[in-house]
Amino acid sequence: KLYVGIDVSKNSSSAQGIDSQGEKRFYLSFKMDAKGFSDLIRSIRSHCKDDSKVTVAMESTGCYHLNLFAFLVSKSIQTVVVNPLLISNFTKLSLRKTKTDKKDAMSIAKFLLVHKETLSQIASTQDVQDLKDLARERESLAVLISGIKNDIKRILQNTFPELESMTKLFSQTMLHFLSKYPSARLIKRASSKAVEKAFVHSDKRKRVSVRPEEIVSAARASVASVSVAKEMILPQKIATLLYLKEKQEKITDTLVQVCRSTVIDDLEIITSIHGIGEQTGATFLAEIGNIRNFQSAKSVVAFAGLDPTIRQSGLFEGKGRISKRGNRHLRRVLFLMAKHASRENTFFLTYYERRIGDGLSFKEAILATAHKLIRVIFSMLTKRTYFSTQMS
């Protein structure tokens, strides 16, 4: 058998091939282009005629490893993507501190040889990568949207601080209104008819729980400071928010559509859990790929970085926290899924309340619920069954 470790970088990469006894078979430095990829596959096949006996490993490097990964998979070469932290810890076992691309490639190859029985293929198709790209773009937009909302709240604390306690700031109608009247000062200067007209959205319906005259009254009594700059900035922030929300909706629709067209059965299984919708279900599936990549539910827990750390020395035993060494995107969506399930699903609500009764804090109880959710989902996906309250 041939085990190949590849140290990937943006422009060029290094590949080290070793056999089952750990003996060197070849080393290649190649460009990250078509010729370089061809040189790599030629070197691999010149040292092992049977592709089924070749395994390649590379570190996850953001975006730089993706094209090479897809190329090797298309050539029927078993290829795995390894968490860089695992390689780093493995390298520390050596007393030598020399670091070169060639030695890094050898470290990855040796790691692959040692762990060949336990490594799983993190992704195997372009469809899975497309799902992951869409899910992470949606997550990035959610972070941007959250930041813009906080900016809007901060500006309103100066231009109209009383408004936040009166109504929902981020309804379409209220955002439309604030685009025209971003401060208490401008509301006071406008006529009552003009203010009321600004509350009418494009579908001609009012969508706020507070009457226009109440807002005018609050504006007249407001302690807001006068800031022409903030009055100009706020409408721009709102325009950015509306643009990002529109973009997020399009990404979400595409994510769900791709998920339906590729893993519709898995999506239907996950969403059979009341409280988990298509958006979070699709994001979860995008991050884990094929459930067969994982030997057990504990493997999924570790992959998400939700496994507890252990701190023990002699008679001292510290309280463990989650490792956070896994997939942060998966960890985030699991927390969202656990929160929704603990609110809307009787089965998980009962479990959550029991853990609260055991003395756990809110965050600890949600974490415990996330672990329970993983066990249930793993069982459902491996057994190809829909949700039942009889699941453990």
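Below is a summary of the structure that appears in this document. Starting afresh in each chain, residues are numbered from 1 along the sequence in its written order. pLDDT decides what is reported in this predicted model: residues at 70 or higher carry local features, side-chain atom pairs at 80 or more are listed and counted, and totals for whole chains, interfaces and linings draw on all residues regardless. In computing side-chain values, all of the structure's heavy atoms are included and hydrogens and water are not.

### Some words on the overall build of the protein
Phase 1: Comment: elements are numbered from the N terminus, with helices defined as DSSP H or I runs of at least four residues and strands as E runs of at least two. Helices and strands together make up the secondary structure of the protein, namely 15 helices and seven strands.
Phase 2: The globule rule used here is 2.2 Å times the number of residues to the 0.38 power, and the radius of gyration it is set against is calculated over C-alpha atoms. For a compact globule of 392 residues, the expected C-alpha radius of gyration is about 21 Å, and the protein comes in at 27 Å, more than 25% above that figure.
Phase 3: Its C-alpha atoms give the protein principal-axis dimensions of about 85 × 50 × 50 Å.
Phase 4: Three labels apply to residues, based on accessible area from a 1.4 Å probe with only protein chains included: buried if under 20% of the type maximum, exposed if over 50%, partly exposed otherwise in between. Within the protein, buried positions represent 46% of all 392 residues.
Phase 5: Contact between two residues is taken to exist if any of their heavy atoms lie within 4.5 Å; hydrogens are not considered. Counting contacts in the protein only where the partners sit at least 6 residues apart, residues at least 24 apart contribute 62% of the total.

### Brief notes about the pattern of salt bridges
Phase 1: In what follows, salt bridge is the name for a side-chain nitrogen of Lys or Arg lying within 4 Å of a carboxyl oxygen of Asp or Glu. Tallying each qualifying case throughout the model produces 15 salt bridges.
Phase 2: Where aspartate 19 meets arginine 25, a salt bridge forms, and the shortest distance between an N and an O atom there is 2.6 Å.
Phase 3: What makes aspartate 19 buried here is its relative accessible area of 8%.
Phase 4: The partly exposed category is assigned to arginine 25, whose relative accessible area is 42%.
Phase 5: With a shortest N-O distance of 3.8 Å, glutamate 246 and lysine 250 are connected by a salt bridge. Separated by four residues within a single helix, glutamate 246 and lysine 250 lie in helix α10 (residues 228-270), roughly one turn from each other.
Phase 6: Judged by its relative accessible area of 44%, glutamate 246 is partly exposed.

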